[in-house]
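The primary structure of each chain is shown beneath.
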Amino acid sequence: DAKTTQPTSMDCAEGRAANLPCNHSTISGNEYVYWYRQIHSQGPQYIIHGLKNNETNEMASLIITEDRKSSTLILPHATLRDTAVYYCIVRVASQGGSEKLVFGKGTKLTVNP
Amino acid sequence: KAGVTQTPRYLIKTRGQQVTLSCSPISGHRSVSWYQQTPGQGLQFLFEYFSETQRNKGNFPGRFSGRQFSNSRSEMNVSTLELGDSALYLCASSPPGALYGYTFGSGTRLTVV
């Protein structure tokens, strides 16, 4: 089962910041938080990841609470092309050094004109 | 650089048949993972290969199998197809190292009739 909880859907006005929350209260100390998004019928796209510090790249910012039990993905100026399902994932390490992604249902973000 | 390439993009098969899907990872990526996406179950991990060895396997029946070649290209096979196998099959690759995000292909849409 996914170790994260996200709202089912959110709306955002074009040009405004989109703040997508994620709860991961059972996260372990060495587990990272990853965010992906999936635009309809395409493969998921990596956005950003972090361990405990806030992170920023050209796509988004990731804010992780001090206790690491929740995080927020911020799209600073949402566009219509940001309409997608956003997945928050805690990276699960498996035996043998391999890792798999356990996807939850994600948040369907709709950016409105 | 070229992304993850999956072929074919679309496939229609009949119940009882078998199918082979192909995935070419990004050059230099040695880890290849496969995922199944259906409307009901969402994205589910099938298996992961690294250096021609299966390192991790999801909870799928033995009809689902895969392999990886020395050039890191991977194939997955589904035998005795069932209607419930209709799904989007996604391949993802990642470079060595646990911290990098996975890059997904656009997937193969399999329809079983």
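Residues numbered from 1 in each chain as written. Chains lettered and ligands numbered in written order. Predicted model: local features only at pLDDT ≥ 70, side-chain atom pairs only at ≥ 80, totals over all residues. Heavy atoms only, no water.

## Focus on the sheet that holds strand β4 (residues 45-50) of chain A
What links the strands of a sheet is backbone hydrogen bonding, and the strands pair in either a parallel or an antiparallel sense. Residue and element names in this part refer to chain A. Under the convention used in this document: A pair of strands is considered paired only if DSSP assigns at least 2 bridges between the two. In DSSP terms, a helix is any run of H or I states spanning at least four residues, a strand is any run of E spanning at least two, and both are numbered starting from the N terminus. Simply put, an axis is a line fit to the C-alpha atoms, just over the touching stretch for a helix, and the angle between two N-to-C directions goes from 0 to 180 degrees.
Taking strand neighbours across the sheet as the criterion, the 5 strands line up as β1-β11-β8-β3-β4 in an open arrangement whose pairing is mixed. A strand with exactly one partner marks an edge of an open sheet, and here the two such strands are β1 (9-13) and β4. Going from strand to strand, the sheet's axes swing by 25° on average, the running direction of each strand aside. By the bridge criterion, 6 bridges tie strand β3 (residues 33-38) to strand β8 (residues 84-90) in an arrangement that is antiparallel. For Gln38, the partnering residue across the bridge sits in β8 and is Val85.

## A closer look at the environment of Ile47 of chain A
All names here are of chain A. Applied cut-off: Note on contacts: a residue pair qualifies if any of its non-hydrogen atoms lie within 4.5 Å across the two residues.
Residue placement: Ile47 occurs in strand β4. Residues Ile47 and Glu58, 11 residues apart in the sequence, show an inter-C-alpha distance of 9.2 Å. In contact with Ile47, not counting residues within four places along its chain, are Trp35, Tyr36, Arg37, Asn57, Met59, Ala60, Leu73 and Tyr86.

## Examining the interface of chain B and chain A
We apply this condition: Here's the idea: put two parts together, see how much 1.4 Å probe accessible area each one loses, and the total over both is what we call buried area. For this document, the term salt bridge refers to a Lys or Arg side-chain nitrogen within 4 Å of an Asp or Glu carboxyl oxygen. A 3.5 Å cut-off defines polar contacts: any pair of N or O atoms within that distance qualifies, except that in protein one atom must be a possible hydrogen donor and the other a possible acceptor, and neighbouring residues in sequence count only when both atoms are side-chain atoms. Any residue that is not Ala, Val, Leu, Ile, Met, Phe, Trp, Tyr, Cys, Pro, Asp, Glu, Lys or Arg is counted as polar, Gly included; the first ten are nonpolar and the last four charged.
Each partner contributes residues to the interface: chain B has 21 residues there, and chain A has 21 residues. A buried area of about 1700 Å², summed over both sides, lies between chain B and chain A, and 48% of it is on carbon and sulfur atoms. Run the count over chain B and chain A and you get 0 salt bridges. Along the contact surface separating chain B from chain A lie 4 residue pairs in polar contact (both at pLDDT 80 or more). Of all the elements, strand β5 (residues 42-50) of chain B adds the most residues to the side of chain B that touches chain A, at 3 residues. Of the residues that constitute the side of chain B that touches chain A, the class distribution is 10 nonpolar, 7 polar and 4 charged.

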